Amino acid sequence: MESTPPPAAASPAEQAAGQARTLIGTLRTALALVSACREIDLAGLDDEVGRMCAAALDLPREQGLALRPLLTELLAEVDRLSLALEAAPAAAALPMGPS
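Draft legend 1. Looking closely at helix 1 (residues 12-35). The end-to-end C-alpha distance of helix 1, which contains 24 residues, comes to 34 Å, matching closely the 34 Å that a straight helix rising 1.5 Å per residue would cover. Summarising the contacts, the buried residues of helix 1 are in contact with strand 1 (40-41), helix 2 (45-57), helix 3 (61-66) and helix 4 (68-87). Note on helix 1: the residue one or two positions beyond its end, C37, has a positive phi of about 60°.

Below, the structure written as structure tokens:
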């Protein structure tokens, strides 16, 4: 009986891209909640962004540059959420991390 080899581990570039995609999904969910006048908790988001940025910076130049479109999309989602929070009632978001 042949055994199936285990799936290959994701490369550092794939991991960084996956982190960016996860953050984009998180931001889109947060935007949907804010748009529905729901409260959101952004605690920990800054840490996740920091880890993703560190992973991207650790990549070889060409691999890092390949992430640019995904990071541009991530920044656009941050901007959309920021605008929505500015327009939302004051209680829509809890503070981002420790003050």
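Draft legend 2. Region of the structure containing the nonpolar core. V34, I40, L67, L70, L74 and L81 are the most contacted members of the largest nonpolar core, which totals 22 residues. Going through the elements one at a time, helix 1, helix 2 and helix 4 are the ones with two or more residues in this core. Of all the elements, helix 1 adds the most residues to this core, at 10 residues.

Draft legend 3. The side chain of E77, seen in detail. Mapped onto the fold, E77 is located in helix 4. The class for E77 is buried, based on a relative accessible area of 4%. E77 has contacts with I24, L27 and R28, leaving out every residue within four places of it along the chain.

Draft legend 4. Main features of the pattern of salt bridges. Here the structure, examined in full by the defined rule, presents 4 salt bridges. Here R28 makes a salt bridge to E77, at a shortest N to O gap of 3.1 Å. Residue R28 is found in helix 1, and its partner E77 is found in helix 4; the two are separated by 49 residues along the sequence. What emerges from the salt-bridge pattern is a single network uniting R28, E73, E77 and R80.

Draft legend 5. Representation of helix 2. Counted at 1.5 Å a residue, the expected span for helix 2 with its 13 residues is 18 Å, and the 18 Å between its end C-alpha atoms agrees. Those residues of helix 2 that sit buried are L45, M52 and A56. Within helix 2, the buried residues cover an arc of 40° as seen down the axis, which keeps them to one side. If you follow the buried residues of helix 2, they end up packed against helix 1, helix 3 and helix 4.

Basis of the calculations
- Residues numbered from 1 in each chain as written.
- Predicted model: local features only at pLDDT ≥ 70, side-chain atom pairs only at ≥ 80, totals over all residues.
- Heavy atoms only, no water.
- Helix = DSSP H or I, 4+ residues; strand = E, 2+ residues; numbered from the N terminus.
- Expected span 1.5 Å × (residues − 1).
- Contact = heavy atoms within 4.5 Å.
- Core = buried A, V, L, I, M, F, W, Y, C linked by side-chain atoms within 4.5 Å.
- Buried < 20%, exposed > 50% of the residue type's maximum accessible area, 1.4 Å probe, protein only.
- Salt bridge = Lys/Arg side-chain N within 4 Å of Asp/Glu carboxyl O.
- Arc of directions from axis to C-beta.

Scope: geometric values only; no functional claims are made or implied.
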